Amino acid sequence: MSVLPQVSPGSAGVLLIHGLTGTPNEMRFVARGFKAAGFEAECVRLAGHCGSEADLLATGWKDWFASVEEAADALRQKVDHLFVAGLSMGAVLAIKYAIEHPDKVDGLGLYGTTFFYDGWSIPFEGRRLSFLFPLFMALGIGRNKRFMEAWPYGIKNERLRQAISSKMHAGDSEAAGLPGNPWPSLEQFYRLAADVQKKLHRVHTPAIAVHAREDDVASLANVHVIERRFAGPVETVILANSYHMVTVDQEKATLVDRSVDFFSRIVARADNAAKRKSA
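Quick look at the structure, then. These numbers come from a predicted model, not from an experiment. (Residues numbered from 1 in each chain as written. Predicted model: local features only at pLDDT ≥ 70, side-chain atom pairs only at ≥ 80, totals over all residues. Heavy atoms only, no water.)

Now for the overall build of the protein. The number of helices and strands found in the protein is eleven helices and eight strands. Out of the 279 residues belonging to the protein, those deemed buried represent 54%. In the protein, once contacts between residues fewer than 6 apart in sequence are set aside, the share between residues at least 24 apart is 78%. Counting only carbon and sulfur atoms, one obtains 51% of the accessible surface of the protein, whose full area is about 12,200 Å². (Helix = DSSP H or I, 4+ residues; strand = E, 2+ residues; numbered from the N terminus. Buried < 20%, exposed > 50% of the residue type's maximum accessible area, 1.4 Å probe, protein only. Contact = heavy atoms within 4.5 Å. Areas by Shrake-Rupley, 256 points an atom, 1.4 Å probe, with all protein chains shown as cover.)

Quick look at the structure:
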């Protein structure tokens, strides 16, 4: 990957958010790409993540969002333009930030956005019965259950898939995340997704949505929700040779290049408008 700087160093920053049970490592390649283009780039670690399953279960979606708010506000103090980008549930958290703090964010990067798990690798109960999770939790059903990560682990690149799955099943959650999604955490995810979907009409922030055509976890229907319901402009990029983990899979360089170009255009328009106003 060779991306030449397109923004003045220090003028713009990107906060990168990993997914549920994931790790900031999911966003490291993207962070390096943004830094090469002159952006500040930071990867947030969501509350309860990169530790044990008990650590995760001690938190909920409001704790995860608080992690995003704290990190975004800290980065915003360093730069003139703030962008927030996330993978999977991280994309939903990015949207949530734009809903709650529209004046603080200049653009969104939505990668493999997941409002619902409906990809081709998701078992029937995961696709069709997810709406029952709140009821199950209220009745105390399934508190010790989990959906285990399964082939192809969101990754089409076979060598990378083997490396990540080996670390995951070896218990290295800091490097590769947890090997399963506890039902209570999934219930928290669905509560977050429901809250955000009700408010999508309030999103005026420009967004780039990058999604794999063959996403094994979240189908293109998730992108169509964004396209239909955002009030602001959405630029959609569909990748033909990747699965769900688009920030690490075979077309990650394309994701970076398109995102850098999108965010750089926003910075240029804002800076030009400021110059005209001061002239």
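Having put the structure on the table, let's press on.
Pairing of strand β1 (residues 12–17) with strand β2 (residues 40–44) involves five bridges; the strand directions are parallel. Considered in β2, the bridge of Leu16 is made with Cys43. Tracing the backbone out of β1, into helix α1 (residues 28–36) and back to the parallel element β2 gives a crossover that is right-handed. (Pairing = 2+ DSSP bridges. Right-handed = clockwise from strand over helix to strand, strands pointing away.)

What follows is about helix α10 (residues 221–229). Owing to its 3.6 residues per turn, the α-helix brings residues three or four apart onto one side. The set of residues buried in α10 consists of Asn222, Val223, Val225 and Ile226. One side of α10 holds all its buried residues, which, seen down the axis, span an arc of 150 degrees. Its buried side turned inward, α10 meets β4 (107–111), α9 (183–197), β7 (207–212) and β8 (234–239). (Arc of directions from axis to C-beta.)

Here we come to the environment of Asn222. Structurally, Asn222 can be placed in helix α10. Distance from Asn222 to Phe116, taken between C-alpha atoms, is 7.2 Å for residues 106 residues apart in sequence. Among residues more than four places away in sequence, those in contact with Asn222 are Thr113, Thr114, Phe115, Phe116, Asp118 and His211.

It is worth spelling out helix α11 (residues 252–278) at this point. With 27 residues, α11 should reach 39 Å at 1.5 Å per residue; the first-to-last C-alpha distance of 39 Å fits that figure. All of the buried residues along α11 are Leu255, Val256, Ser259, Val260, Phe262, Phe263, Ser264, Ile266 and Val267. The inward-facing, buried residues of α11 contact β1, α1, β3 (81–87), β4, β7 and β8. (Expected span 1.5 Å × (residues − 1).)

What follows concerns the nonpolar core. Of all hydrophobic cores here, the largest spans 47 residues; its most connected members are Leu93, Ile95, Leu108, Leu110 and Phe230. Among the secondary structure elements, those contributing two or more residues to this core are β1, α3 (61–76), β3, α4 (89–100), β4, α9, β7 and α10. With nine residues, the single largest contributor to this core is α4. With near-sequence residues (within four places) excluded, Leu93 lies in contact with Ile17, Leu46, Trp64, Phe65, Val68 and Leu192. Residues Val7, Ile155, Met245 and Ile266 belong to the second largest nonpolar core, which totals 33 residues. (Core = buried A, V, L, I, M, F, W, Y, C linked by side-chain atoms within 4.5 Å.)

Applying the stated criterion to the full structure yields eleven salt bridges. A salt bridge links Glu100 to Lys199; its shortest N-O distance comes to 3.8 Å. On the criterion of sequence distance, the pair formed by Glu100 in helix α4 and Lys199 in the loop between α9 and β7 is long-range, its members being 99 residues apart. Accessibility expressed as a relative area gives 19% for Lys199, which makes it buried. We note a salt bridge from Glu187 to Arg191, for which the minimum N-O separation is 2.4 Å. Of this pair, Glu187 and Arg191 both sit in helix α9, four residues apart, which is roughly one turn of that helix. (Salt bridge = Lys/Arg side-chain N within 4 Å of Asp/Glu carboxyl O.)

In this section: the pairing of β8. Alternating residues of β8 divide into Glu235, Val237 and Leu239, all buried, and Val234, Thr236 and Ile238, none buried. Where β7 meets β8, six bridges bridge the pair, whose relative direction is parallel. Residue pairing in the sheet places Ala212 in a bridge with Leu239 of β8. Running through α10, the crossover from β7 to the neighbouring parallel element β8 is right-handed.

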